[in-house]
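# Fold and contact review
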Amino acid sequence: QKSSPTPENAKTLPTVVHAPVPGSMRRRPGLAGIQQRRDHELQMRSVGEVEERRRVDVMRAQLATFRRSLEEFALKYKNDIRRDPAFRAQFHAMCSNCGVDPLASNKGFWAEILGFGDFYYELGVQIVEACLSSRAQNGGLYELRHLMAAVLRRRGGAA
């Protein structure tokens with residue numbers, strides 16, 4: 001008769017105890033672990049802030065370079081921009097592609113570079129505003145007499 005193995009008659013296998021490998025034991029987070037994690041986060045935040053400041057400085061330098069180049073171009077071709085409507089349109093298209101609007105930009109800059117006075121700057125802005133406000137009705141295109149009337153209405157008593 002066969003008997004089922006019981007703890008008394010079961011063969012016992014030797015148990016092997018492995019020595020822990022240094023650094024492989026997982027410890028619960030203690031104060032030192034929490035402080036280490038906090039220090040690491042602070043260090044990473046500091047590195048991120050330094051990198052962000054560096055990128056902002058690089059962007060400012062690029063914008064300054066771009067502005068100088070645009071100023072030099074406008075000075076070099078000032079007379080052509082004034083006289084030649086096709087060239088002026090190309091200049092404005094170039095500015096538009098770069099995200100620069102000569103009418104909306106610093107008026108002192110454009111008055112100085114292109115010789116626009118405050119009167120012409122303001123008049124240009126009023127013309128653009130009139131055209132933009134009527135874009136739904138006429139696509140922003142006016143006959144000259146209607147444009148003059150619209151600008152005069154916008155200027156009110158200052159005309």
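Everything here concerns the structure above.
In this text the structure is predicted, and so the values were computed from the model without any measurement.

### Observations regarding the nonpolar core
Counting residues in each nonpolar core, the largest one holds seven residues, listed as Leu70, Ala74, Ile81, Phe87, Phe91, Cys95 and Val100. If you list the elements that add at least two residues to this core, you get α1 (31-76) and α3 (85-97). Ranked by residue count, the leading element in this core is α3, at three residues.

### A closer look at the environment of Arg153
You can see Arg153 is positioned in helix α7 (residues 144-155). Judged by relative accessible area, Arg153 falls into the exposed class, the value being 62%. Along the sequence, Arg153 and Ala130 sit 23 residues apart, while their C-alpha atoms lie 9.6 Å from each other.

### Some points on α3
When the terminal C-alpha atoms of α3 are compared, their 18 Å separation across 13 residues agrees well with the 18 Å that a helix rising 1.5 Å per residue should span. Of the residues making up α3, those classed as buried are Phe87, Phe91 and Cys95. Buried residues of α3, viewed axially, fall in a sector of 80°; they line one side. Counted as exposed and oriented over 90 degrees from the buried face of α3: Pro85, Gln90, Ser96 and Asn97.

### Some thoughts on the pattern of salt bridges
Per the counting criterion, the structure on display carries four salt bridges. For Arg54, the salt bridge goes to Glu51, with nearest N and O atoms at 2.6 Å. You can see Arg54 and its partner Glu51 sitting in helix α1, three residues apart, about one turn around the helix. Assessed through its relative accessible area of 44%, Arg54 is described here as partly exposed. Accessibility expressed as a relative area gives 29% for Glu51, which makes it partly exposed. Glu51 is the salt-bridge partner of Arg55, the closest N and O atoms lying 3.1 Å from each other. Of the two residues, Arg55 and Glu51 both sit in helix α1, four residues apart, roughly one turn of that helix. Given the relative accessible area of 55%, Arg55 is considered exposed. Among the charged side chains, a network of salt bridges with common partners joins Glu51, Arg54 and Arg55.

### Observations regarding the packing of α1 against α3
To describe two helices that pack against each other, one gives the angle between their axes and the distance between the axes. Viewed as axis vectors pointing N to C, α1 and α3 meet at an angle of 175°, and their least axial separation amounts to 13 Å. With respect to each other, α1 and α3 are oriented roughly antiparallel. Between α1, through Leu70, Phe73 and Ala74, and α3, the contact on the second element is made entirely by Phe87, Phe91, Met94 and Cys95. A class-by-class count of the residues in the contact of α1 with α3 yields seven nonpolar, no polar and no charged.

### Observations concerning the side chain of Gln126
Along the chain, Gln126 falls in helix α5 (residues 118-133). For Gln126, the residues in contact, after removing those within four places along its chain, are Val151, Arg154 and Arg155.

Thresholds, definitions, all that
- Residues numbered from 1 in each chain as written.
- Predicted model: local features only at pLDDT ≥ 70, side-chain atom pairs only at ≥ 80, totals over all residues.
- Heavy atoms only, no water.
- Core = buried A, V, L, I, M, F, W, Y, C linked by side-chain atoms within 4.5 Å.
- Buried < 20%, exposed > 50% of the residue type's maximum accessible area, 1.4 Å probe, protein only.
- Helix = DSSP H or I, 4+ residues; strand = E, 2+ residues; numbered from the N terminus.
- Expected span 1.5 Å × (residues − 1).
- Arc of directions from axis to C-beta.
- Salt bridge = Lys/Arg side-chain N within 4 Å of Asp/Glu carboxyl O.
- Axes fitted to C-alpha atoms, helices over the stretch in contact; angles between N-to-C directions.
- Parallel < 35°, antiparallel > 145°, perpendicular 65-115°, else oblique.
- Contact = heavy atoms within 4.5 Å.
- Nonpolar A, V, L, I, M, F, W, Y, C, P; charged D, E, K, R; others polar.

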